[in-house]
Every structure is written in structure tokens, then in C-alpha cells.
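# Observations on chain architecture
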Amino acid sequence: MIDIFSAGPRVRRVRFIMWLSLAAAAGAIWFGWDLFQTYGSRPADGGVLAPLGVRLAWGLGVAGLGIAFALGMWLYGRLYVWAIGYDEAADRLYVRTLDLFGDRLASFPVSSITGSDYSPGDLVMYQARVRAPWYYLRVAGRRFPLIIDAQGQFAPAPLTKRLFGRTG
């Protein structure tokens, strides 16, 4: 098997944010529960317990945001490719993606790749500028495309050129 891509140390950052999202979800659930029980009773909130519907909306809203963040990171990890291997004899790609605890290995024939797109990943907000380019790799039978960090290490191989439009 030939290794044609590795995300390198970036995979640790993604995994850390995945774990951080679990902690954030736990905190949001706790804070949402606290809001549900006490919203309105604090002097800053008016000193009178808010109606049930208001407390329920605040509690579910805060908890829901934390849960949505954790679920979004879990989905991102399942799409984030940290390693790709190629078996010449079988003409198959072996793709490793992240899970919350461990990783997943998927295998599919090269012929099932339906395309790839490049995104420059430019984000400018006020004075901050982020450049995080990536590739989308579309595979037949998968609902969502795989995400490949363009700042990872690519092998200088014809297959890499064919899949992603670049080498090395």
C-alpha cells in the first residue's frame, strides 16, 4: 500500500476541538438546565421567576446550541480525512477519518470517485485573516463529500494529481 496523503499534526487540533465540543455541550446542558429552573429569579433578571414557556425556551435554546456544536464536530470528524492509502493491486483507496474516540477506515475503488473541488478557505473578519484551504472529494454512495486538508502532506504521485489536481 502507498500512502498518498497525511494530515500530519493537524489531526491533533481537530481531535482536540472535537473533545472540547463535548465539554462545551456538557456545560451548555448544565447551564440550560440552570436557566430553566431559575431564569427571572435573580435580581438582574427582574427578581420574579419567568413563566414556564420563557424558561423552557431559554433552557432548550442554550442546551441545544451546545448539543448542535458537538454533533457538528462529530459529523466534521467523520468527514475529515487524516490519511489516505492506495492499494495498486486492488485499485482501491483506504481513507481514515476521525471519530470521537479512535478513527474509521473506509475503503472504496478509485473508480467510485465522482470528482473533487478545491476551496481556498479564505476568511477575513475585521483584522483577522485565516487561510485554511481544503479539497472536497466526492465518492459515489456517500451522502457528504470527504474533506481533505490541502495543507497536509501529499505524495508526489500520478494518482494524487488525478484525484486532487496537484502533486507534492
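Just above sits the structure.
Notes on the structure follow.

What counts and what doesn't
- Residues numbered from 1 in each chain as written.
- Predicted model: local features only at pLDDT ≥ 70, side-chain atom pairs only at ≥ 80, totals over all residues.
- Heavy atoms only, no water.
- Helix = DSSP H or I, 4+ residues; strand = E, 2+ residues; numbered from the N terminus.
- Rg over C-alpha atoms; globule rule 2.2 N^0.38 Å.
- Buried < 20%, exposed > 50% of the residue type's maximum accessible area, 1.4 Å probe, protein only.
- Contact = heavy atoms within 4.5 Å.
- Areas by Shrake-Rupley, 256 points an atom, 1.4 Å probe, with all protein chains shown as cover.
- Lys, Arg positive; Asp, Glu negative; His and termini not counted.
- Charge placed at Lys NZ, Arg CZ, Asp CG, Glu CD.
- 1 Å grid on protein atoms, 1.4 Å probe; cavity = no way out; pocket = protein on both sides within 12 Å on 5 of 7 lines; lining within 4 Å.
- Points joined across faces, edges and corners; volume = space filled by probe spheres on them.
- Expected span 1.5 Å × (residues − 1).
- Pairing = 2+ DSSP bridges.
- Core = buried A, V, L, I, M, F, W, Y, C linked by side-chain atoms within 4.5 Å.

### Here's the deal with the overall build of the chain
Scanning the chain for helices and strands turns up three helices and ten strands. Its helices and strands taken in sequence order, the chain reads β-α-α-β-β-β-β-β-β-β-β-β-α from the N to the C terminus. Taking 2.2 N^0.38 as the reference for a compact globule, 168 residues should give roughly 15 Å; the C-alpha atoms of the chain span a radius of gyration of 22 Å, well beyond that estimate. Taking the principal axes of its C-alpha atoms as reference, the chain extends roughly 70 × 35 × 25 Å. The buried share of the chain, taken over its 168 residues, is 35%. Sequence separation of 24 or more characterises 49% of the internal contacts of the chain that already satisfy a separation of 6 or more. Surface accessibility of the chain: about 10,100 Å² in total, with carbon and sulfur atoms responsible for 64%. Once the 18 positive and 11 negative side-chain charges of the chain are each reduced to a mean point, those two points are 3 Å apart.

### Regarding the layout of surface pockets
Size it by volume and the largest pocket reaches roughly 370 Å³. Lining the largest pocket are 14 residues, and of these Val14, Tyr76, Tyr80, Ala132 and Asp149 sit closest to its centre. At the level of secondary structure, the elements contributing two or more residues to the lining of the largest pocket comprise α1 (10–38), α2 (52–79) and β9 (146–149). It is α1 that contributes the most residues to the lining of the largest pocket, four residues altogether. Volume-wise, the second largest pocket comes out at about 200 Å³. Looking at the lining of the second largest pocket, the elements that each hand over two or more residues are α2, β3 (92–98) and β4 (103–109).

### Some details on α1
Taking 1.5 Å of rise per residue, 29 residues should cover 42 Å, and α1 covers 41 Å from first to last C-alpha, within 8% of that figure. The secondary structure elements touched by the buried residues of α1 are α2, β2 (80–87) and β3. A positive backbone phi angle near 100 degrees is found at Gly40, which sits one or two residues after α1.

### Observations regarding the pairing of strand β6 (residues 122–125)
Taken together, the four bridges between β6 and strand β7 (residues 128–131) define a ladder with antiparallel strand orientation. Residue pairing in the sheet places Asp122 in a bridge with Arg131 of β7. The loop that links β6 with its antiparallel partner β7 comprises two residues; one of these, Tyr126, has a positive phi angle of about 55 degrees.

### Things to note about the nonpolar core
Counting 28 residues, the largest nonpolar core has Ile4, Ile84, Leu93 and Ile148 as its most contacted members. Elements supplying a minimum of two residues to this core: β1 (2–6), α1, β2, β3, β8 (134–139), β9 and α3 (158–164). Of all the elements, β2 adds the most residues to this core, at four residues. When sequence neighbours within four positions are dropped, the list of residues in contact with Leu93 reads Ile4, Ile84, Gly85, Tyr86, Ala106, Ser107, Phe108, Val110, Ile113, Leu159 and Leu163.

### Here we look at the pairing of β8
Burial along β8 is one-sided: Tyr135, Leu137 and Val139 are buried, while Trp134, Tyr136 and Arg138, pointing the other way, are not. As defined by bridge partners, strand β5 (residues 113–119) adjoins β8 across six bridges and the pair is classed as antiparallel. By the bridge assignment, Ser119 is partnered in β8 with Trp134. Joining the antiparallel neighbours β8 and β9 is a turn of six residues, in which Gly141 adopts a positive phi near 90 degrees.

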